[in-house]
Each structure stands twice: as structure tokens, then as C-alpha cells.
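# Commentary on secondary and tertiary structure
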Amino acid sequence: MKNTLTRTDFNFPGQTNVYHGKVRDVYSIGDDKLVMIATDRISAFDVILPQGIPYKGQVLNQIAAKFLDATADIVPNWKTASPDPMVTVGLRCEAYKVEMVIRGYLTGSAWREYKNGARTLCGVALPDGMKENQKFPSPIITPTTKADEGHDENISKEEIIAQGLVSKEEYEQLEQYTYALFQRGTEIAAEKGLILVDTKYEFGKKDGKIYLIDEIHTPDSSRYFYADGYQERFEKGEEQKQLSKEFVRQWLIENGFQGKAGQQVPEMSEAYCESVSERYIELYEKITGEKFVKADISDVPARIEKNILAFLNK
């Protein structure tokens, strides 16, 4: 699709490295600065899908920037500026090799494991008799390893410390930050008529100090339910109305794709991509409570390059 940004190939002054992730392209400038571009790529089941989604990068970048600002009093974060609707510039930190996943409700992969008989998740004991989408008595942290390629793997606090991935003292600090961020995210969501169901946070370290890095509370990293009707749907065992990327996964499953060997990604028509774009914009407006203002997409790479260069040359 024209007017979507699905790959970048910039060469900025002082650039030392570039990393192309599933969705974000991260340019290292000098020793201590990162330029992170949220592209319009979309991934599901750890596969980058063949078509970009208009405005998706802008949606993700602006939600993450907003929530980084709204939580900076809890934990310092890597963001220093957002010179373009799809770009965040910030501090380069040494990332911890774990992702802090926190769950307020039994849903998604946790529910699938529970339904299959698991009663511990990442070393956390779960009570018998729970139902899908039920609220936990208090949120649980279920960390994963951070894989450079392929799937992240569940891991317990004890294994993280025993393997030396994070020291005990620092891990406990990451836990405290995770609970506090989730509490803040829950409060902000509630104001918008939403439930923050689960999310993940990534942390890094610079000059001996812990920072929150990457994105936060976006529909790619988090799951939201609509609060209105939650209890009624739960009691009837019905699916919850949710705001997340789950609708894309469901569409892929219905069309015979779950990222397994030999499976083909179904054709993503222009009409389908536009419908996904509309859902992302709806997500933005619901989560932030603000009208989404579409950036000029007549030449996205030129716009981004101009804005980043103007920032770097300041």
C-alpha cells in the first residue's frame, strides 16, 4: 500500500548502528542517543505481515510518548523528544534481557495454559476454579526472556536471578516499578471506560540507573477490555469487547494462519488494511481521549528524515 512506511534506510549524521525490529527501526546516534521510528509494519504470531497499516506507526508512537510522559514521576524513561509523529528520540540504555509481563486478568496465553491444567505460571501459583477473563485477586508478574529472534519464553523470578539475567536487588526494583506502572495505567484506563487487562514493560540501565524503555500501554503491547458490560459478559461466559491487536490475530486464525510452518498469510486487501487502520485510530482516541490528527503521508520517508535531521542539527 502506498503511503505506508514498511521499511527505512536512513543514514543520519553520527549514526553508528541500525536495528530493524518487527515494528520499530532503531538508529543509534553516537554512544548515547537512539532514534526510534515506529513503522506501519504489523506483526502477529511473531511474523511480520506483508502489508503495512496506514497511520499505525503514528498511533503507536504517540500513545507510547503520551504514557511515557504520564509515568515519568514513577520511573525515569528513555524519551527525550518526539520530533515527528512516528519518531521518538531518547537515551541509549543497556536493555535487561527480560520483559516484565503483568496480568490483572486470566486471559490470552495464560488462560490457554490454565485451561490445559497448569496451576503455576512463571513460578506464580494460580487458584483452582478460575474462569476465562476473571480478575486476579491482585495483579501477577509473569516475566519472559527477551529473544533476539523467534519466541520469548516464560521464566520465573527465581530462574532469572539464578541465571544471573538480573540481580535479586535490581529484579525487585523492576517488580516495584512494574506494579506501580500497571496501577497508573489501570487508573488512566478506568477514566476512559477501559480495563487495562495485561501489558509488558521493558527496562534498561544507563550509568547505574534504571530506565523504562521502548513502548508503554500501546495496543501492540497491552490488552484492554471495555469496562461497560465486562461483568455481564464474564458471568455469561461471553467474549469480552476488547481494544488490542487481538482482532488481527483472530482474523488470521479464521483464515488458517497461526504462524506455523507451511501456513500462508491470507491476502490483506487494501480494504482490509484500511479497516485495521480505522481500528487503530479508534484505539488511539479511546485510550487517549483525544482526537487523532492524521499526519501528512504524501511522502512519509522524506517527512521523517527532514524532521529528524532538523532535531539532530539543533
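A quick note: this is a predicted structure, and the numbers were derived from the prediction, not measured.

The buried fraction of strand β14 (residues 194-206) is high, at twelve of 13 residues. Both strand β8 (residues 94-95) and β14 contribute to a ladder of two bridges, which runs antiparallel. The partner of Ala95 across the bridge, within β14, is Gly204. Two strands pair when backbone bridges link them, and strand β9 (residues 98-105) and β14 are joined in this way by four bridges, in the antiparallel orientation. Looking at β14, one finds that Val101 is bridged to Lys200. Both β14 and strand β16 (residues 222-226) contribute to a ladder of five bridges, which runs antiparallel. Residue pairing across strands places Ile195 opposite Phe225, the latter belonging to β16. Where β14 folds back on strand β15 (residues 209-213), the antiparallel hairpin that results is connected by two residues, among which Asp207 adopts a positive phi of roughly 50°.

As enumerated under the stated definition, the model contains 13 aromatic pairs in all. Look at Tyr105 and Tyr230: their rings are 5.6 Å apart centre to centre, the planes differ by 80°, and that puts the pair in the edge-to-face class. Of this pair, Tyr105 sits in strand β9 while Tyr230 sits in helix α5 (residues 230-236); the two residues are 125 residues apart in sequence, bridging distant segments of the chain. This pair shows no difference in class: Tyr105 is buried, exactly as Tyr230 is. Between Tyr284 and Phe292, the aromatic rings sit 5.1 Å apart at their centres with planes inclined by 70°, giving edge-to-face as the arrangement. On the accessibility criterion, Phe292 (6% relative accessible area) is buried. Each member of the aromatic cluster is reached from another via a ring pair, and the members are Tyr105, Phe225, Tyr230 and Phe234. In this structure, Arg279 packs its charged tip against the face of Phe247, placed 4.0 Å from the ring centre.

So, about helix α1 (residues 56-70). With 15 residues, α1 ought to run about 21 Å at 1.5 Å a step, and its terminal C-alpha atoms sit 21 Å apart, in line with that. Where burial is concerned, most of α1 is hidden: eleven out of the 15 residues are buried.

What counts as what
Residues numbered from 1 in each chain as written. Predicted model: local features only at pLDDT ≥ 70, side-chain atom pairs only at ≥ 80, totals over all residues. Heavy atoms only, no water. Buried < 20%, exposed > 50% of the residue type's maximum accessible area, 1.4 Å probe, protein only. Helix = DSSP H or I, 4+ residues; strand = E, 2+ residues; numbered from the N terminus. Pairing = 2+ DSSP bridges. Phe/Tyr/Trp six-rings, centres within 6.5 Å; stacked < 30°, edge-to-face > 60°. Lys NZ or Arg CZ within 6 Å of the ring centre and 35° of its normal. Expected span 1.5 Å × (residues − 1).

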